[in-house]
Amino acid sequence: MHIDFEDSSGFNRAEDLLDAATGLLRSRGDASPNLLVVAQRMVEGCVTLFKEAVPHLLELEGVSEGLDRIECIRGQISGEEWMAPYEICFEANGAGGMLTVPDFSHFGPEHLRLTEESMGRRCDVLMRDALHWCCLVPCHEVVHLFQHLAGQADSNAHSWSAEHDASIANAVLFSAVAKLPELADLLPSSLVWEILMVDFHSQTSHIKSWDQSTIQQYSRWIGSFGLVAPDSSISENSVVTEQFKGVSPYEYWSDQPEDCNALLQQLFTPGRTGDVYQHPIECSNQPREMLEVHARPVGEDEWAGFAI
């Protein structure tokens with residue numbers, strides 16, 4: 001299939017471009033990276049760091065075996081349009097010890113439309129983004145699997161504490177995994193920084209659309225270490241909920257493995273089991289106050305420009 005990107009006159013409707021992109025994805029399916037393998041290797045790297053950070057949990061019955069059994073599986077495309085919102089998502093299954101990875105190579109027009117709408121990424125760069133997501137998103141979802149094995153629960157209907165913990169660990173865990181020698185062939189430093197910079201700017205761009213109430217609720221949620229949940233105006237808005245989870249990883253980001261180690265130790269400190277939503281903890285790391293950072297001119301500090 002040939003698409004002349006210099007001449008877009010043939011695309012009179014958005015659906016035309018989506019159809020063309022779908023065909024291009026399928027024609028490239030065999031040549032695209034094995035994204036399932038990418039996600040599995042990221043999970044294995046996260047497990048390595050988790051074992052190093054919180055060895056006390058390995059003494060609990062079933063934890064070590066459960067960590068070693070975590071498996072990435074490919075999501076299924078049903079062909080039903082109403083299923084598309086579920087088929088574009090990564091999903092952790094604690095009881096099954098599995099992480100479902102979307103089958104990006106078989107996305108249809110509705111999948112592409114929803115991905116662009118929910119993630120703010122153009123459909124014509126989907127496979128680049130899919131590689132980014134298969135490196136980054138498992139570092140969020142695997143924390144939910146760790147929470148299950150550690151016996152942590154969240155009584156909040158929308159799991160705001162559990163989501164807080166998985167979200168703030170996401171970027172720092174990704175950066176630490178990227179430094180593991182066994183991941184060097186998968187994650188050259190240029191790709192690591194590309195993934196971080198693209199995600200950072202994409203996620204924090206949402207802040208400018210938040211009203212004062214949204215900003216205040218985000219600040220309370222982050223400032224309470226996830227224990228003060230946003231109200232229903234946020235919790236029942238799936239778009240803003242995802243934005244909260246997308247901005248928050250950069251509150252605690254660091255490219256120093258010891259910082260990742262320290263954060264994991266705080267999230268899984270001995271005795272932090274049961275309903276974690278009811279138990280505040282002392283956290284030595286402090287959020288970077290992304291709302292303030294985002295308001296500064298690009299380049300004014302290391303975070304506004306994500307300087308290397």
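Check the entry above for the structure.
Throughout what follows, the structure given in this document is the object of discussion. (Residues numbered from 1 in each chain as written. Predicted model: local features only at pLDDT ≥ 70, side-chain atom pairs only at ≥ 80, totals over all residues. Heavy atoms only, no water.)

Here's the deal with the overall build of the chain
Next up, step 1: Counting secondary structure elements, the chain contains 14 helices and 5 strands.
Next up, step 2: Buried residues in the chain amount to 49% of all 308 residues.
Next up, step 3: Considering only intrachain contacts with a sequence separation of at least 6, the fraction spanning at least 24 residues in the chain is 75%. (Helix = DSSP H or I, 4+ residues; strand = E, 2+ residues; numbered from the N terminus. Buried < 20%, exposed > 50% of the residue type's maximum accessible area, 1.4 Å probe, protein only. Contact = heavy atoms within 4.5 Å.)

A look at the sheet that holds strand 1 (residues 71-74)
Next up, step 1: Taken together, the 3 strands give an open sheet; going across it, the order is 1-3-2, and neighbouring strands pair in mixed fashion. Each of the sheet's edge strands pairs with one partner strand only, and the pair in question is strand 1 and strand 2 (91-93). With direction set aside, neighbouring strand axes in the sheet form an average angle of 25°.
Next up, step 2: One ladder, built from 3 bridges, connects strand 2 with strand 3 (residues 98-101); its direction is antiparallel. Of the residues in strand 3, the one forming a bridge with Glu-91 is Thr-100.
Next up, step 3: Across the sheet, helix 7 (residues 138-149) is in contact with strand 2 and strand 3; its angle to strand 2 comes to roughly 20°. (Pairing = 2+ DSSP bridges. Axes fitted to C-alpha atoms, helices over the stretch in contact; angles between N-to-C directions.)

Quick look at helix 6 (residues 126-136)
Next up, step 1: Of all 11 residues that make up helix 6, 9 are buried, and the element is covered over most of its length.
Next up, step 2: Among the residues of helix 6, Leu-126, Met-127, Asp-129, Ala-130, His-132, Trp-133, Cys-134, Cys-135 and Leu-136 are the ones counted as buried.

Regarding the nonpolar core
Next up, step 1: Ranked by size, the top nonpolar core spans 79 residues in total, and within it Phe-104, Leu-173, Phe-174, Leu-187 and Phe-268 carry the most contacts.
Next up, step 2: Discounting chain neighbours no more than four positions away, the residues touching Leu-173 are Cys-46, Leu-49, Cys-139, Val-142, Val-143, Cys-260 and Leu-264. (Core = buried A, V, L, I, M, F, W, Y, C linked by side-chain atoms within 4.5 Å.)

Thoughts on the pattern of salt bridges
Next up, step 1: Taken as a whole and judged by the stated rule, the model has 7 salt bridges.
Next up, step 2: Arg-128 is the partner of Asp-129 in a salt bridge, and the nearest nitrogen-oxygen pair spans 2.9 Å.
Next up, step 3: Of the residues examined, Asp-129 reaches a relative accessible area of 1% and is grouped as buried.
Next up, step 4: Look at Arg-128 and you get partly exposed, because its relative accessible area is 36%.
Next up, step 5: Of the charged contacts in the structure, one is a salt bridge between Glu-163 and Lys-245, with a shortest N-O distance of 3.7 Å. One end of the pair, Glu-163, is in helix 8 (residues 160-178); the other, Lys-245, is in helix 12 (residues 238-247), and 82 residues separate them in sequence.
Next up, step 6: When its relative accessible area of 16% is taken as the criterion, Glu-163 is described as buried.
Next up, step 7: Connected through shared salt-bridge partners, Glu-163, Glu-242 and Lys-245 make up one network. (Salt bridge = Lys/Arg side-chain N within 4 Å of Asp/Glu carboxyl O.)

Comments concerning the pairing of strand 3
Next up, step 1: Taking every second residue as pointing to the same face, the buried face of strand 3 carries Leu-99 and Val-101, while none of Met-98 and Thr-100 on the other face is buried.
Next up, step 2: The pairing of strand 1 with strand 3 spans 4 bridges and is classified as parallel. The partner of Glu-71 across the bridge, within strand 3, is Met-98.
Next up, step 3: Where strand 2 folds back onto strand 3 in an antiparallel hairpin, the turn is made up of 4 residues, including Gly-97, whose phi is positive at roughly 65°.

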